[in-house]
Amino acid sequence: MRPETIRLLNLLQLLSEIAIAVGYLLGLIPFVYLWSYSWVIPLVFVNLVFAILTSNGTTTKTVINIVMAFLSFIPVAGYLFRVIGIVVSWINIQALAKGRSRGY
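Per chain, residues are indexed from 1 in the order of the written sequence. Two thresholds apply to this predicted model, a pLDDT of at least 70 for residue-level local features and 80 or more for giving and counting side-chain atom pairs, whereas whole-chain, interface and lining totals are computed over all residues. In computing side-chain properties, one takes all heavy atoms of the structure into account and sets aside hydrogens as well as water.

1. Focus on the packing of helix α2 (residues 33-54) against helix α3 (residues 59-71)
When two helices pack together, their arrangement is given by the angle between the helix axes and the distance between those axes. Each axis is a line fitted through C-alpha atoms, taken for helices only over the stretch in contact, and angles between the N-to-C directions span 0 to 180 degrees. Only DSSP runs of H or I with at least four residues qualify as helices, and only runs of E with at least two residues qualify as strands; both kinds are numbered from the N terminus onward. Contact pair α2 / α3: the axes reach a minimum separation of 9 Å and the direction vectors enclose 160 degrees. Overall, the two elements α2 and α3 adopt an arrangement that is roughly antiparallel. Judged by the sense of rotation from one axis to the other, the crossing of α2 with α3 is left-handed. Across the interface between the two elements, Y37, V40, I41, V44, F45, N47, L48, A51 and I52 from α2 touch T59, T62, V63, N65, I66, A69 and F70 from α3. As a working rule, the residues Ala, Val, Leu, Ile, Met, Phe, Trp, Tyr, Cys and Pro are called nonpolar, Asp, Glu, Lys and Arg charged, and the rest polar, with Gly in that last group. Taken together, the residues that form the contact of α2 with α3 break down as twelve nonpolar, four polar and no charged. Roughly parallel covers angles under 35 degrees, roughly antiparallel covers those over 145, roughly perpendicular covers 65 to 115, and oblique covers all other angles. In this scheme, a crossing is called left-handed if the near helix is turned counterclockwise away from the far one by less than a right angle; it is called right-handed if the turn is clockwise. Contacts were defined at the residue level, with two residues in contact if any of their heavy atoms lie within 4.5 Å.

Right, dumping it as structure tokens:
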């Protein structure tokens, strides 16, 4: 894969990871998670495809984020999984931002 393509995919993954984190944050508001997960669930799968294509070291954390997205639907206990999802997204955002500063 060409370096320009990898950079573009990493940028798209970074932007979708930010959208996922925003969805988790909105999900902390009661009943808003039912709305925000209309984009969080598809984005975690898109992120997995980006992570696999670019091999940027975020694949495992992205799979964890997929699990957290589905566990977040559990009433009351879902808040814990949303917070964990926010942390995992933040770790991925930092890794992707660090990779962008190195030029890939």
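2. Observations concerning the environment of N10
Here N10 is to be found in helix α1 (residues 3-27). Remark: exposure states derive from per-residue accessible area (1.4 Å probe, protein chains only) relative to the maximum for the residue type, with buried under 20%, exposed over 50%, and partly exposed in between. With a relative accessible area of 3%, N10 lands in the buried category. On a C-alpha basis, the gap between N10 and N56 in space is 8.1 Å, while along the polypeptide they are 46 residues apart.

3. Some points on the confidence of the model for the chain
Within a predicted model, pLDDT stands for the predictor's per-residue confidence, ranging from 0 to 100. On average, the chain scores 90 in pLDDT, and the residues at 70 or more come to 95%. Ranking the elements of the chain by mean pLDDT puts helix α4 (residues 78-102) last with 90 and α3 first with 95.

4. Structural notes on the packing of aromatic side chains
Any two rings among Phe, Tyr and Trp, with Trp reduced to its six-membered ring, count as a pair given centres within 6.5 Å; such a pair is stacked if its planes are under 30 degrees apart, edge-to-face if over 60, and tilted if neither. Evaluated as defined, the whole model comprises six aromatic pairs. Their ring planes at 65 degrees and their centres at 6.0 Å tell us that Y24 and Y37 sit as a pair that is edge-to-face. With Y24 in helix α1 and Y37 in helix α2, this pair connects stretches of sequence that are 13 residues apart. The same class applies to Y24 as to Y37, namely buried. Ring centres 5.3 Å apart and planes at 55 degrees place the aromatic pair Y37 and F73 in the tilted group. Of this pair, Y37 sits in helix α2 while F73 sits in the loop between α3 and α4; the two residues are 36 residues apart in sequence, bridging distant segments of the chain. For Y37, a relative accessible area of 4% gives the class buried. A connected cluster of aromatic rings, assembled from ring pairs, spans Y24, Y33, Y37 and F73.

5. Notes on the environment of A97
Residue placement: A97 occurs in helix α4. Placed 69 residues apart in sequence, A97 and L28 show a C-alpha to C-alpha distance of 25 Å.

6. Description of α1
The end-to-end C-alpha distance of α1 is 36 Å, a good match for the 36 Å that 25 residues give at a rise of 1.5 Å each. Within α1 the residues assigned to the buried category are L9, N10, Q13, L14, S16, E17, I20, A21, G23, Y24 and G27. Expected helix span is given by 1.5 Å per residue-to-residue step, counting one fewer step than there are residues.

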